[in-house]
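Notes for the structure review
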There are 2 protein chains.
Amino acid sequence: MSSYSPRLQRLIDALRRLPGVGPKSAQRMAFHLLDRDREAAQLLGGALGEALSGIGRCPQCRMFCEDESCRYCSAARSQAGQLCVVEGPADLMAIDAGTSYRGRYFVLMGRLSPLDGIGPEELGLPQLEALLDQGWVQELIIATNPTVEGEATAYYLAELAKSRQIRVSRIAHGVPMGGELEYIDGGTLAHALSDRRVL
Amino acid sequence: MSSYSPRLQRLIDALRRLPGVGPKSAQRMAFHLLDRDREAAQLLGGALGEALSGIGRCPQCRMFCEDESCRYCSAARSQAGQLCVVEGPADLMAIDAGTSYRGRYFVLMGRLSPLDGIGPEELGLPQLEALLDQGWVQELIIATNPTVEGEATAYYLAELAKSRQIRVSRIAHGVPMGGELEYIDGGTLAHALSDRRVL
């Protein structure tokens, strides 16, 4: 049996730890970097070091943040009095890039999942409660995913806000724009029907 | 429009240069590394630096090599008198791991493609000729891919060996083991039929 030389093996092993990368892709990436794009390898190595040392978490919204002042927690964003809770950084980016929403955010970095040991503490809910207690939040917009755990998390979050007399809303779930009813799953259709709007 | 912070943007851009990684995957990888697996980011950064500084090319077979003596160019491997020519390092690894072949290799790092400016020089064919002139090669096994360019390369390689009275062979192309005739493409079937063996 043949095997890689030690450095090459370590590079392939490290690449395999990226999400969605199996042994074949990792080998392909390693060979590509070594053979055709050493500049990319250099860039990636530098960017990784820079990111590890320079990117932290915003103490307010828990989003990745590399400056003193988080761009998503500015005073201007607080003015609308809206706070949108999302599960992860990618959700925040999707909402901020795809909609006109310009309020504040709170990133859970996960969802309630007691069986996996993820409770309110792990999601930073004490921090969220502190934010709600600051008094400027007039509406809590819950944008967790429509999964079982996401729904449970949404319910928990709603209770937090209601106990403080803060308005709570949940983003709408239904037939996606451009979707065809024929191909939509039953759960989504049922949701769309029960949440129908009067025109 | 929202955008990433500078360090995060650089990390995502660097990840996008990996083969098969688009903008969404790059974002997912960056968030995964920063959020859930900083250790992997550190490992990858280290492995990249180590690989760039420590992995070179063997002057004989052109395979990646990190020591003075290439593991694929040992005297023991030369004894069989066989030299197998492959297009890339992954092909070498596949043959060495999947077969019992234990002769020497020569890695072209590409295939002849005059339109892209890849000629004999770029594939190190002068080095290959020097190897063939050393006198120990009794058989040149051509394992380039069965594409148009791979076939052209194979033809060129065969001429090099024939002019030196060295036996040349080409790996067999046909129906893969476990394959079902029904689903095999016509080109492969035609090849399998014309190359049929007397039993």
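No experiment lies behind these values; they were computed from the predicted model shown.

1. What to know about the UniProt feature "zinc finger region: C4-type" (unreviewed entry) in chain A
As recorded in UniProt, the sites labelled "zinc finger region: C4-type" (unreviewed entry) are residues 58-73 of chain A. Counting secondary structure, residues 58-73 of chain A comes out at 0% helix and 12% strand; the distance between its end C-alpha atoms is 9 Å.

2. Here we look at the packing of aromatic side chains
Going through the model one piece at a time under the given rule, you end up with 7 aromatic pairs over all chains. Plain terms: the ring middles of Phe31(A) and Phe64(B) are 5.5 Å apart, the flat faces sit at 35° to each other, and that makes the pair tilted. Pair noted here: Phe31(A) is in helix α2 (residues 23-35) and Phe64(B) is in strand β2 (residues 64-65), and the two residues belong to different chains. When sorted by exposure, Phe31(A) lands in the same class as Phe64(B), which is buried. Centre to centre, the rings of Tyr101(A) and Tyr105(A) are 5.3 Å apart; their planes meet at 75°, and the pair counts as edge-to-face. The class for Tyr101(A) is buried, based on a relative accessible area of 12%. What makes Tyr105(A) buried here is its relative accessible area of 0%. Three or more aromatic residues joined by ring pairs form one cluster here, namely Phe64(A), Tyr4(B) and Phe31(B).

3. With respect to the packing of helix α1 (residues 6-16) of chain A against α2(A)
Residues and elements named next belong to chain A. Viewed as axis vectors pointing N to C, α1 and α2 meet at an angle of 125°, and their least axial separation amounts to 8 Å. Taken together, α1 and α2 sit at an angle that is classed as oblique. For the element pair α1 and α2, the recorded crossing hand is right-handed. Contacts between α1 and α2 involve Leu8, Leu11, Ile12, Leu15 and Arg16 from the first element and Pro23, Ala26, Gln27, Met29, Ala30, Phe31 and Leu34 from the second. Tallied by class, the residues present in the contact of α1 with α2 amount to 10 nonpolar, 1 polar and 1 charged.

4. Examining the interface of chain A and chain B
Listed per partner, the contact involves 53 residues of chain A and 53 residues of chain B. Taking both sides of the interface into account, the surface hidden between chain A and chain B amounts to around 5300 Å²; carbon and sulfur atoms contribute 64%. Sorting the residues of chain A by area buried against chain B places Arg7(A), Arg17(A) and Leu52(A) first, and these three jointly supply 14% of that buried surface. Salt-bridge contacts for Asp37(A) lead to Arg17(B); the nearest nitrogen and oxygen are separated by 2.9 Å. Counting the contacts that link chain A with chain B gives 15 residue pairs in polar contact (both at pLDDT 80 or more). Counting only elements with at least two residues in the side of chain A that touches chain B, the list comes to α1, α2, α3 (38-54) and α5 (89-98) of chain A.

5. Points about the UniProt feature "domain: Toprim" (unreviewed entry) in chain A
Here, the residues flagged by UniProt with the feature "domain: Toprim" (unreviewed entry) are residues 81-176 of chain A. Strand forms 18% of residues 81-176 of chain A and helix 35%; the C-alpha atoms that close the span are 28 Å apart.

6. Let's talk about the sheet that holds strand β3 (residues 82-86) of chain B
Residue and element names in this part refer to chain B. Within the open sheet, the 4 strands sit side by side as β4-β3-β5-β6. Their pairing is parallel. The sheet is open, and its two borders are formed by β4 (104-107) and β6 (167-170), each paired with just one other strand. Here the strands of the sheet are splayed against their neighbours by 25° on average, with no regard to which way each runs. Sitting on the sheet, helix α5 (residues 89-98) touches β3 and β4, and the angle it makes with β4 is about 160°.

7. A word on the pairing of strand β6 (residues 167-170) of chain A
All names here are of chain A. Direction of pairing for strand β5 (residues 139-142) relative to β6: parallel, over a ladder of 4 bridges. Considered in β6, the bridge of Ile141 is made with Ser169. One crossover worth recording links β5 to the parallel β6 by way of helix α7 (residues 148-162), and it is right-handed.

8. Side note on the sheet that holds β5(A)
Residues and elements named next belong to chain A. Strand order in this open sheet of 4 strands is β4-β3-β5-β6, and the pairing throughout is parallel. Two strands bound the open sheet, and with one partner strand each, they are β4 (104-107) and β6. Pairwise comparison of adjacent strand axes, ignoring direction, gives a mean angle of 25° for this sheet. Here strand β3 (residues 82-86) runs beside β5; their pairing, made up of 4 bridges, is parallel. Bridge pairing links Val85 to Ile142 in β5.

9. A few points about the relation of the copies chain A and chain B
A rotation about some axis, followed by a shift along it, carries one copy of the chain onto the other. Mapping chain A onto chain B calls for a rotation angle of 180° and an axial translation of 0.1 Å; the resulting RMSD is 0.1 Å. Taken together, the rotation and translation describe the operation of a two-fold axis. Minimal C-alpha separation from the rotation axis in chain A is found for Gly45(A), amounting to 2.3 Å. Both copies contact each other with a shared surface, as 100% of the interface residues of chain A are interface residues in chain B too.

10. Brief notes about the pattern of salt bridges
According to the stated counting rule, one finds 26 salt bridges over all chains in the structure shown. The salt bridge partner of Arg10(A) is Glu50(B), with a shortest N-O separation of 2.9 Å. Pair noted here: Arg10(A) is in helix α1 and Glu50(B) is in helix α3 (residues 38-54), and the two residues belong to different chains. On the accessibility criterion, Arg10(A) (40% relative accessible area) is partly exposed. On the basis of relative accessible area, Glu50(B) is assigned to the partly exposed category, the value being 28%. A salt bridge links Glu129(B) to Arg164(B), with the shortest nitrogen-to-oxygen separation between them at 2.9 Å. Of this pair, Glu129(B) sits in helix α6 (residues 125-133) while Arg164(B) sits in the loop between α7 (148-162) and β6, placing them 35 residues apart in sequence. The class for Glu129(B) is partly exposed, based on a relative accessible area of 26%. Among the charged side chains, a salt-bridge network with shared partners connects Arg17(A), Asp37(B) and Glu39(B).

Cut-offs used in this document
Residues numbered from 1 in each chain as written. Chains lettered and ligands numbered in written order. Predicted model: local features only at pLDDT ≥ 70, side-chain atom pairs only at ≥ 80, totals over all residues. Heavy atoms only, no water. UniProt positions renumbered as here; feature names shortened; annotations may be inferred. Helix = DSSP H or I, 4+ residues; strand = E, 2+ residues; numbered from the N terminus. Phe/Tyr/Trp six-rings, centres within 6.5 Å; stacked < 30°, edge-to-face > 60°. Buried < 20%, exposed > 50% of the residue type's maximum accessible area, 1.4 Å probe, protein only. Axes fitted to C-alpha atoms, helices over the stretch in contact; angles between N-to-C directions. Parallel < 35°, antiparallel > 145°, perpendicular 65-115°, else oblique. Left-handed = near helix turned anticlockwise from the far one by under 90°. Contact = heavy atoms within 4.5 Å. Nonpolar A, V, L, I, M, F, W, Y, C, P; charged D, E, K, R; others polar. Buried area = accessible area lost by both parts, 1.4 Å probe. Salt bridge = Lys/Arg side-chain N within 4 Å of Asp/Glu carboxyl O. Polar contact = N/O pair within 3.5 Å; in protein donor to acceptor, adjacent residues only side chain to side chain. Pairing = 2+ DSSP bridges. Right-handed = clockwise from strand over helix to strand, strands pointing away. Least-squares fit on C-alpha atoms with pLDDT ≥ 70 in both.

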